[in-house]
Structures are given as structure tokens and as C-alpha cells.
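Reading the structure
Residue-level listing of the chains:
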Number of protein chains: 2
Amino acid sequence: MAYNVASLTRLCEQFESLPGIGKKTAQRLALYVISQPKQKAKDFSDAILNAADSIKRCAVCQNLTDSELCPVCANPTRNKSIICVVCDPRDVIAFERLNEFDGVYHVLHGLISPMDRVGPDDLTIKELLKRLDGSVKEVIMATNPTVEGEATAMYISKLIKPLGIKVSRLAYGIPVGGNLEYADDVTLFRALEGRNEM
Amino acid sequence: MAYNVASLTRLCEQFESLPGIGKKTAQRLALYVISQPKQKAKDFSDAILNAADSIKRCAVCQNLTDSELCPVCANPTRNKSIICVVCDPRDVIAFERLNEFDGVYHVLHGLISPMDRVGPDDLTIKELLKRLDGSVKEVIMATNPTVEGEATAMYISKLIKPLGIKVSRLAYGIPVGGNLEYADDVTLFRALEGRNEM
């Protein structure tokens, strides 16, 4: 390509390295950033540096935070006897949006996946077991309903059950607003199996 | 939301301000950037600052560049007597990908659009007219085939034609690999009107 401006190409490559961003989108984003006033580009650049510098894992639940404890663990009104185990910080954001769960979380930062060479030791399972002193009454396994999510939930529940702590799993069923006709067989079967008295 | 980490929220907002990036995608990108090694985040941040600092408009064609002249205008083998007028730097990239056009470009940085309060003076039309000394033989209007693109092409051609310079427009027709059945009426009409002898 005859038109090759080094710093623009470098910025395009950086955007392209992000997940789900292709060549054309990267170009569009890079040109947008450049077309803005310089101060805006500086703010963006600062936000990245600042986040990369200040964000670390919460000492208790391993969620991302910029202080010693994450806002959930630092909140004295949260019920510390129920731990909701999730794969990813995004899952915590989804649960917090509900405003319904008042327990605390534990972020695994991944799922067991032999295909991707991710074993139990690559997750924060050790840190979860350390939290299970006498005060914890229930652990909710809230990993995704995928093969890896199921395997991880099963693996962890086998470690926790012998300690006499209740282990539960999110309910399977038809999504609210969903259409029976379009539900897949496994989901429909699970919904039938898990039916509740009205 | 109980889970609110200031520097993460700030980074999410920055990503969300980009065109075509919604709340969820912004979250995904921000968490990805943080999950990478710190050096990668620093590289990204540097690339933005560097591009914003070094990239300016080419003194001749107004395309984006990091030196006085853009690579096309600085290339002595390009045919300076044909100018291809485009709306956006991305259009230059599209033409350069062809490896077929050996003329030079002029980037308008927008299209005339009274709805968005963009008038002829907001574009680089003055700079285009300054380039039209005796050496320029043809100006190709390569703006998009939209209402704004057509209006802009019409406006500029009316300014240039009196100077005795040939003004041409990209051909309209069915896209290669397209399907006649799905072509819209206007495109099909233009394809029929512009038919060539085989």
C-alpha cells in the first residue's frame, strides 16, 4: 500500500489487537481518535495508563479493583456467608445490575479447559478454599452453562461439599420472554426437569 | 451499581465514546486492556498520544500524514495531473488498495450537508481550487453516491468546469458479483443508462 503513515498504522494495529475488532473497524476507530481535539486523545491515553496502573485484584474475592478491597467486599452490609462464584469480572457487573443479590463474589478469572491448557491451578480456586472458614454457609456456582462452566462447577463443588457447606447451582430453564418453539432440546428438558409447583 | 471502580469506569466511558461501540463492548474492551500485561496497555496509550501529536494534514492534498507531505504527494512517480476528490482519508486507503490509480488525491474531510450545518467553507474546497494551476488535466469526483455526496460533487464541478478542466464522476452500476434481482431500482436504471458496447 502506497499510503502508509507509521503512527497511524501503529494505532490501527493497536485497535486491531482488541477482541472483536477487525481491520476496518480498527481503521475507523483510529481515524476517529485522530480527528478529535488533541485533549480528547490525551484523556483516552491517560485513562488506559491509569487503569492499567491502578487496577489490581481484590485481596478477598479476586475481582478487579483500584484499592485493597473491591467495593463489594469492603461493604459491611453485604452478607459474607454467601459466596457467588463467577468466571469473569463482567459476571459480577451483571449480578450487581440486578440489585437483588446481597452476598459476596469470588472471581475465578477463567474456567477449567484442557483444550486451552487451563487447569484448576490457573484459576483462583486456592483463594476460594481459603475463604471457606466457619462463617460461609452457601457457595453458589454461577459459571456459564457451557461444557467448561459445568466442568469447573463440578470440580469446585466436589472440593467444597466435604466441608459441609451447601453448594448450589443457578437454575436452568427457558429464558423469560423466550419462545418454547425455539428453545433447544437440552434447555427444554432441563426446564421440564426443574419444574416448580405453582 | 454497587460495583464501581473509578479508573475502570473512566476507561469504559472512553471506549464508549468511540463510534459504533456500545456499553457492553466498551466494558469488554476495557477489561481486555486491563487483563493484558502492563507494557501492552502502555504501548496502546503511547500509540494514541503519538498519533494525536504527530498526525496532521498534508499541505497539498489535506490527507492525514505525519510529515509535511503525505506519501502519495511526496511520491515523484505519481501523475500530478489527475486529482481524485474524496470525502475521507479512508476512501484514499480504499483506492490505494486497488494499486490501479496513479494520480493524486484531494481529501474534503466531509460533504456538504445543510442538515448537519456543514457548508462548502467547512470542507477543503479552497485548497482544491488553489491546486488547479495549468498542470491539472482531470478532476475525478469520487464522493459517495449519496444525496450529500452528489450535492458536493455537483457543487465542486460547477466551480471547476469554467476553468476548462475535465471533471469526471465514478461510474454507477451493478456491483460486481451482485445480483440483478436484488439491485435497487435507481442502481438498475443507472446501470442501463450507462451501458457500454461490448
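Report on the accompanying structure. (Residues numbered from 1 in each chain as written. Chains lettered and ligands numbered in written order. Predicted model: local features only at pLDDT ≥ 70, side-chain atom pairs only at ≥ 80, totals over all residues. Heavy atoms only, no water.)

Some words on the relation of the copies chain A and chain B
Rotating chain A by 180 degrees and translating it 0.0 Å along the rotation axis places it on chain B, where the RMSD comes to 0.0 Å. Seen this way, the second copy is the image of the first under a two-fold rotation axis. When each C-alpha of chain A is compared by its distance to the rotation axis, S45(A) comes out closest, at 2.2 Å. Most of the interface of chain A is mirrored in chain B: 100% of its interface residues are interface residues there too. (Least-squares fit on C-alpha atoms with pLDDT ≥ 70 in both. Contact = heavy atoms within 4.5 Å.)

Here's the deal with unusual backbone geometry
Most of the time, phi is negative for any residue but glycine, and the peptide bond is trans. All names here are of chain A. Positive phi is not limited to glycine here, since N99 has a value of about 60 degrees. For N99, the position within the fold is in the loop between α5 (89–98) and β4 (104–107). Take N99: its relative accessible area is 65%, and that puts it in the exposed class. (Helix = DSSP H or I, 4+ residues; strand = E, 2+ residues; numbered from the N terminus. Buried < 20%, exposed > 50% of the residue type's maximum accessible area, 1.4 Å probe, protein only.)

Section: the pairing of strand β5 (residues 138–141) of chain B
All names here are of chain B. Side chains E138 and I140 of β5 all project onto a buried face; the interleaved residues V139 and M141 project onto the opposite face, where all are buried too. Here strand β3 (residues 82–86) runs beside β5; their pairing, made up of 4 bridges, is parallel. Across the sheet, the residue bridging to V85 is M141, located in β5. Note that β5 and strand β6 (residues 166–169) share 4 bridges and pair parallel. Pairing of I140 across the sheet is with S168, part of β6. (Pairing = 2+ DSSP bridges.)

Let's talk about the sheet that holds strand β3 (residues 82–86) of chain A
Note on sheets: strands pair through backbone hydrogen bonds, and any given pair is parallel or antiparallel. Residues and elements named next belong to chain A. Taken in spatial order, the 4 strands make up an open sheet running β4-β3-β5-β6, and their pairing is parallel. Two strands close off the open sheet at either side, each with one partner strand: β4 and β6 (166–169). Strand-to-strand twist in this sheet, taken as the mean axis angle between neighbours without regard to direction, amounts to 25 degrees. Relative to β4, α5 is tilted by about 160 degrees, and along the sheet it contacts β3 and β4. Against the sheet, helix α7 (residues 147–160) makes contact with β3, β5 (138–141) and β6, and its axis sits at roughly 170 degrees relative to β6, the strand it touches most. (Axes fitted to C-alpha atoms, helices over the stretch in contact; angles between N-to-C directions.)

What to know about the packing of helix α2 (residues 23–35) of chain A against helix α5 (residues 89–98) of chain B
Where α2(A) contacts α5(B), the axes come no closer than 10 Å and their chain directions differ by 145 degrees. Crossing geometry of α2(A) relative to α5(B) is assigned as right-handed. Along its contact with α2(A), which presents K24(A), Q27(A), R28(A) and L31(A), the element α5(B) presents P89(B), R90(B), I93(B) and R97(B). Across the contact of α2(A) with α5(B), the residue classes tally to 3 nonpolar, 1 polar and 4 charged. (Left-handed = near helix turned anticlockwise from the far one by under 90°. Nonpolar A, V, L, I, M, F, W, Y, C, P; charged D, E, K, R; others polar.)

A look at the interface of chain A and chain B
Taken together, the contact between chain A and chain B spans 55 residues of the former and 55 residues of the latter. Both sides together, the interface formed by chain A and chain B hides about 5200 Å², and carbon and sulfur atoms give 71% of it. Between chain A and chain B we count 0 salt bridges in total. Counting the contacts that link chain A with chain B gives 6 residue pairs in polar contact (both at pLDDT 80 or more). The residue makeup of the side of chain A that touches chain B, split by class, is 29 nonpolar, 11 polar and 15 charged. (Buried area = accessible area lost by both parts, 1.4 Å probe. Salt bridge = Lys/Arg side-chain N within 4 Å of Asp/Glu carboxyl O. Polar contact = N/O pair within 3.5 Å; in protein donor to acceptor, adjacent residues only side chain to side chain.)

So yeah, pure geometry; function would need other evidence.
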